[in-house]
Amino acid sequence: MTLLRIVVLWLILALPAAAQSIFPTDDAPPQAAESDAAAQLVDILRDDAAREELIRQLEASAAQADPAAIPPAAEPEPQISLPRQIAEHTRATAEGATAILFDIASAGGQILSAFTGDTPINWTELTEAFTALILVGAVTLALFFLLRAIAARLYMAMGARADKSRLFVALSIIVGSSLIDALLIVIAWAGGYAFALFIGEPGAMDFRQSLFLNAFLLVELIKVALRGVLSPNFAKLRFLPMSDETAAYWYFWSSRLVSLLGYGLLLVVPIINAAVSFAVGGSVAVLIVVTALLIAILIVLQNRAPVARALRARHERMPDDLIGRIEAYFAGFWHWLAIAYLVALFVIWTVRPADALPFMLVATLNSIIAIVIGVVVMALITRAITGGMRLPDDVRETLPLLEERLNAFVPTILKVLRVLVFLAVLLAIAQAWHVMDFFGWAATGVGRDLTGRFLSAALVILIALGIWLAVTSFVEYRLNPVVGTVPTPRERTLLALFRNAFTIALVIMASMLALSQLGVNIAPLLAGAGVLGLAIGFGAQKLVQDIITGAFIQFENAMNEGDVVTAGGTTGVVEKLTIRSVGLRALDGTYHLIPFSSVDMVSNFMKGFAYHVADIGVAYREDVAEVKVLMQKAFDILRATEHGEHIVDDFEIHGVAELGESSVVVRGRIKTLPGMQWAIGRAYNEIIKQVLDEADVEIPFPHMTLYMGQEKDGSAAPLNLRRAPTLPKGRKRPAPGPGVSAARAPQNTPSPETQRAPPEEEDAEHDAAAIRRSLPSEDDADSR
């Protein structure tokens, strides 16, 4: 349709012209045809597709008329490989270094030519310059030193005030003294300008005087910054902590270098350019800069060891401090870095002489600012890591583990942040020296995309940490019995399991989202995780069985934390309960970790209520009814004690449960709260023992009864024993007969001097001796 409209337009525009050429007429073309053509053209121009087609046809027509009218297509730029780029960069560096060496050599030749007469010197210009400068310089410097002498007492007073003030006030006084120093320089500079305008023609001054005054202002303002930091004459106004000798040393050499470069490049070189030639002036400038470079390198080498000791001092005081470790790392080769920095300054000045000084000043200032800010931020982060986080007392009481949890991962985040600050300082230094254009790269599409991805991933991780902290804090708050309601064992178990499961799920989700933000396709990871889970399910069936059994145990509420259970043949208190195992603490303190796959039965002693079964054994001769009464009496006494609040029902007497070998067992049962059956059982046993003893009811225990000569009616024959007579001194008792120990020898063995007893008494004594021999000895009794 668009092509048809274009053809119609061409016919409308072409036919009137052809008709006029074939059939010339004096009449004007009809206005209606022109209006229709214009309307068609407007429609085509409004239609994007038609307009593009019209442009294409017009270009084709122009190409047929004049093929040279179409500009040739731009040839693609040749692709340069990475080795070629490295080679080009190396070649450019070598050529630049060679050019610098030739410049230094030619500078010496140019200066020598001025002294040999090869280069003409305008002595009149030099004389006029000397005359113009000597008076203005003398007046300006005299006024400057006079003002400084007047302000010396003010500096002393400010130093005394700063010594007694706090840190912020002391810093304010130091900054104020620097501002006063700068004001004195401006006053001296203005006085020099006024004197120069007064001694010359009214309202006019020599340009050489202006060169000196401008150089004076710039050099002395730089010295103001040096005095503000080092303050060699007023120790109380010194920003850096150092001795007077060290401050005077560094100020002496730094001020000399600033004066050499400032007055040399801003005053001497322009005068030589005007009096001799620009070639000689440029050579003098190179000579000045090379001289300053050599002096600076010598100063660095001279202070290599003292600076290295100062850099290692912080690490020796605080071995774990990151800034101290960084300083100690650079202590061994800091002088090489300083020399490389000085050489880089010289190279940049040589390559870019037009804007070298502003570039170097700005780059150095930006580098110093970046380093200072980085060091301050890293010091604050290090202090936060070392000191840890401290929460208010009420927060610690409500959430006892929150402070420990924060100190567990916040220092790690701060360490990562400290590394990022260090990298940011390096990027800022590289950006300042045009080593790399990070901000320019970040402004490109690729830079914005990568930066956004990393920031999004970091934000996902931070949000996940915040969610984890909030959920774990809520669980901790809910489990804390000090605040709110006391959690039940079921709540403790489920909340602990929920915390573990939520942590695992959150870690997986946060990792997947972070990888997705970084541009990683997580679909293969999810598929791989599914396949891996299937493989684990087949290969680790025991683990799957643990998890499934643990899940059903939790669903059925078989055990909770704090319950006393028997699981897997082990009895103990449930200390830890996970989805795959249970941790039991036995009575002797042994901790048992039992996987649920080995648990075929769970016996819980803490469900609903408990019983203490009292099996009381009494002698056969005791009255069972009396024993029941005494057992009830012991229960009443127990219920009146502090254990009564744990008893939930009356005493149950079941009666005689067993007729044992040596006792009659009477059984009773006490219903208690869960977990209190053992304490109540111990207390009841103690009370029943006292009650039975008071009632003279025998509690059987293993013992032996000896019956001697028992008759059929149960009586025993009398045992006739006599005490052995006392032996005279010096006489020994005869040894006992065979089978009788010395300790239990018969006490009635007659001595030879003893009168013989009647026959019936001898028979009785014989029987008694036989009985004694049949009795066990003391050693035998002990062994039994």
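From a predicted model like this one, the values you see are computed outputs, not experimental measurements.

Enquirer: Would you take a moment to explain the overall build of the protein for this structure?
Expert: Broken down by element type, the protein carries 24 helices and eight strands. A fraction of 66% describes how many contacts in the protein between residues 6 or more apart in sequence connect residues 24 or more apart. Surface exposure of the protein reaches about 49,700 Å², of which carbon and sulfur atoms provide 66%.

Enquirer: What is the right way to read the side chain of arginine 148 from this model?
Expert: Position of arginine 148 relative to the elements: it lies in helix H5 (residues 123–163). For arginine 148, a relative accessible area of 18% translates into the label buried.

Enquirer: I keep staring at the pattern of salt bridges and nothing clicks. Help me out?
Expert: Pairing is possible between side chains of opposite charge, provided their charged atoms come close. This structure, assessed with the given rule, holds 11 salt bridges. Between glutamate 575 and arginine 585 there is a salt bridge whose closest N-O contact spans 3.0 Å. Within this pair, whereas glutamate 575 is found in strand S2 (residues 570–577), its partner arginine 585 is found in strand S3 (residues 581–585), the two being separated by 10 residues in sequence. Three or more residues joined by partner-sharing salt bridges are found here, namely Arg148, Asp181 and Arg227.

Enquirer: Help me understand the sheet that holds S3 in this model?
Expert: To summarise the sheet geometry, strands pair through backbone hydrogen bonds and adopt either a parallel or an antiparallel arrangement. Strands sit in the order S4-S3-S2-S1-S5 across an open sheet of five strands; the sheet is antiparallel. What marks the edges here is a single partner per strand, and that holds for strand S4 (591–595) and strand S5 (602–604). Within the sheet, the average angular offset between the axes of one strand and its neighbour, ignoring direction, is 40 degrees. Strand direction decides the pairing type here: S2 and S3, joined by four bridges, are antiparallel. Its bridge partner lying in S3, leucine 577 is registered against valine 582.

Enquirer: What is the right way to read helix H22 (residues 677–694) from this model?
Expert: Since the α-helix turns once every 3.6 residues, residues separated by three or four places project in the same direction. Taking 1.5 Å per residue as the helical rise, H22 with its 18 residues ought to reach 26 Å, and the 26 Å between its terminal C-alpha atoms agrees with that figure. Summarising the contacts, the buried residues of H22 are in contact with strand S6 (610–618), helix H21 (624–639) and strand S8 (664–672). Two residues or fewer after H22 comes aspartate 696, characterised by a positive phi angle close to 55 degrees.

Enquirer: I would appreciate a short explanation of unusual backbone geometry in the present structure.
Expert: Glycine aside, residues mostly have negative phi, and peptide bonds are mostly found in the trans state. One non-glycine residue, aspartate 696, lies in the positive phi region at around 55 degrees. Within the element layout of this structure, aspartate 696 appears in the loop between H22 and helix H23 (759–774). According to the relative accessible area criterion, aspartate 696 is exposed, its value standing at 66%.

Enquirer: So what exactly am I meant to see when it comes to the nonpolar core here?
Expert: Nonpolar side chains tend to gather and get buried jointly when the protein is soluble and globular. Ranked by size, the top nonpolar core spans 33 residues in total, and within it Val284, Val300, Leu342, Phe346, Trp349 and Trp433 carry the most contacts. For this core, the secondary-structure elements that each account for two or more residues are helix H8 (244–275), helix H9 (278–302), helix H12 (334–351) and helix H13 (356–387). The greatest single-element share of this core, amounting to 13 residues, is contributed by H9. In this view, leucine 342 contacts Leu293, Ala296, Ile297 and Val300; residues no more than four positions away in its chain are not counted. The next biggest cluster of nonpolar side chains, apart from the first, holds 22 residues, and it includes Leu630, Phe635, Val666 and Ala683.

Enquirer: Would you take a moment to explain the pairing of S8 for this structure?
Expert: Two faces, one strand: in a regular strand the side chains alternate between the faces of the sheet. The buried fraction of S8 amounts to seven of the nine residues, a majority that puts the element mostly inside the structure. Taken together, the nine bridges between S6 and S8 define a ladder with antiparallel strand orientation. Each bridged residue has a counterpart across the sheet, and for aspartate 615 the counterpart in S8 is arginine 667. Between strand S7 (residues 652–659) and S8, which follow one another and run antiparallel, lie four residues.

Enquirer: I would appreciate a short explanation of a nonpolar patch on the surface in the present structure.
Expert: A grouping of Trp441, Val446, Leu450, Phe454, Leu515, Leu518, Val520 and Leu525 is seen on the molecular surface, where their side chains present a nonpolar patch of about 670 Å² in accessible area. Examining the composition of the nonpolar patch, we find that three residues originate from one element, helix H17 (residues 445–479), more than from any other. Structurally, phenylalanine 454 can be placed in helix H17. With relative accessibility at 54%, the residue phenylalanine 454 sits in the exposed group.

Enquirer: Looking at this model, I keep getting lost on the packing of H8 against H9. Mind explaining?
Expert: Interaxial distance between H8 and H9 falls to 8 Å at its minimum, and their mutual angle equals 175 degrees. One element, H8, and the other, H9, form an angle in the roughly antiparallel class.

Enquirer: Explanation requested: the pairing of strand S1 (residues 564–567) in the structure shown.
Expert: Burial along S1 is two-sided: Val564 and Thr566 facing one way and Val565 and Ala567 facing the other are all buried. One ladder, built from four bridges, connects S1 with S2; its direction is antiparallel. What sits directly across from threonine 566, in S2, is threonine 571. If you look at the hairpin formed by S1 and S2, you'll find two residues sitting between the two strands, and glycine 568 has a positive phi there, around 65 degrees. As paired strands, S1 and S5 are joined by three bridges and run antiparallel to one another. Within the sheet, the bridge partner assigned to threonine 566 lies in S5 and is serine 603.

Enquirer: Mind showing me how you'd approach the environment of leucine 630 here?
Expert: Mapped onto the secondary structure, leucine 630 falls in helix H21. According to the relative accessible area criterion, leucine 630 is buried, its value standing at 10%. C-alpha of leucine 630 to C-alpha of valine 697: the two residues are 67 residues apart in sequence and 9.6 Å apart in space. Ignoring sequence-local partners within four residues, the contact set of leucine 630 consists of Ile688, Val691, Leu692, Ala695 and Val697.

Enquirer: What is the right way to look at the confidence of the model for the protein in this model?
Expert: Caution applies to low-pLDDT parts of the model: their predicted coordinates are not meant to be read in detail. When pLDDT is averaged along the protein, the result is 75; 68% of the residues meet or exceed 70. Across the protein, the secondary-structure element scoring lowest on mean pLDDT is helix H1 (residues 2–22), at 41, and the one scoring highest is S8, at 93. Contacts for the low-pLDDT stretch residues 737–757, under 50 throughout, to residues beyond four places or in other chains number 33 contacts. With pLDDT under 50 throughout, residues 774–784 is counted as low confidence; its partners more than four residues away or in other chains account for eight contacts.

Enquirer: Just to check I follow, could you spell out the packing of aromatic side chains for this structure?
Expert: The description of an aromatic ring pair rests on the distance of the ring centres and on the angle between the ring planes. Within the structure shown, the criterion is met by 15 aromatic pairs. For the pair tyrosine 249 and tryptophan 250, a centre-to-centre distance of 5.5 Å together with 85 degrees between the ring planes defines the contact as edge-to-face. Judged by relative accessible area, which is 21%, tyrosine 249 ranks as partly exposed. Three or more aromatic residues link up through ring pairs in this structure, and these residues are Phe144, Phe145, Phe212, Phe216 and Tyr263. Seen from the ring of tyrosine 611, arginine 669 lies directly overhead, with NZ or CZ sitting 3.6 Å from the centre. Between the NZ or CZ atom of lysine 671 and the centre of the ring of phenylalanine 609, over which it lies, the distance is 4.3 Å.

Enquirer: Please explain helix H7 (residues 207–230) as it appears in this structure.
Expert: The end-to-end C-alpha distance of H7 is 34 Å, a good match for the 34 Å that 24 residues give at a rise of 1.5 Å each. In the stretch just after H7, serine 231 is the one whose phi turns positive, near 45 degrees.

Enquirer: Any chance you could explain the sheet that holds S6 here in plain terms?
Expert: Pairing in this open sheet of three strands is antiparallel, and the strands run S6-S8-S7 from one edge to the other. Both outer strands of the open sheet, S6 and S7, are each paired with one neighbouring strand and no more. Between one strand axis and the next, the sheet turns through 25 degrees on average, direction left out of account. Packed on one face of the sheet, H21 meets S6, S7 and S8 and runs near 25 degrees to S8. Across the face of the sheet, H22 comes into contact with S6 and S8 while running at roughly 25 degrees to S6.

Enquirer: What am I meant to see in the side chain of threonine 570 here?
Expert: When you line up the elements, threonine 570 lands in strand S2. Setting aside its immediate chain neighbours within four residues, threonine 570 contacts Val565, Leu584, His592 and Ile594.

Enquirer: Help me out: how do you make sense of the environment of leucine 673 in this one?
Expert: Take leucine 673: it is sitting in the loop between S8 and H22. The exposure class of leucine 673 is partly exposed, given its relative accessible area of 34%. C-alpha separation for the pair leucine 673 and alanine 610, spaced 63 residues apart in sequence, amounts to 6.0 Å. Once residues lying within four places of it in the same chain are set aside, the contact partners of leucine 673 are Ala610, Glu645, His646 and Val648.

Thresholds, definitions, all that
Residues numbered from 1 in each chain as written. Predicted model: local features only at pLDDT ≥ 70, side-chain atom pairs only at ≥ 80, totals over all residues. Heavy atoms only, no water. Helix = DSSP H or I, 4+ residues; strand = E, 2+ residues; numbered from the N terminus. Contact = heavy atoms within 4.5 Å. Areas by Shrake-Rupley, 256 points an atom, 1.4 Å probe, with all protein chains shown as cover. Buried < 20%, exposed > 50% of the residue type's maximum accessible area, 1.4 Å probe, protein only. Salt bridge = Lys/Arg side-chain N within 4 Å of Asp/Glu carboxyl O. Pairing = 2+ DSSP bridges. Axes fitted to C-alpha atoms, helices over the stretch in contact; angles between N-to-C directions. Expected span 1.5 Å × (residues − 1). Core = buried A, V, L, I, M, F, W, Y, C linked by side-chain atoms within 4.5 Å. Patch = residues over 30% accessible without salt bridge, like charges linked within 9 Å, V, L, I, M, F, W, Y side chains within 5 Å. Parallel < 35°, antiparallel > 145°, perpendicular 65-115°, else oblique. pLDDT = per-residue confidence, 0-100. Phe/Tyr/Trp six-rings, centres within 6.5 Å; stacked < 30°, edge-to-face > 60°. Lys NZ or Arg CZ within 6 Å of the ring centre and 35° of its normal.

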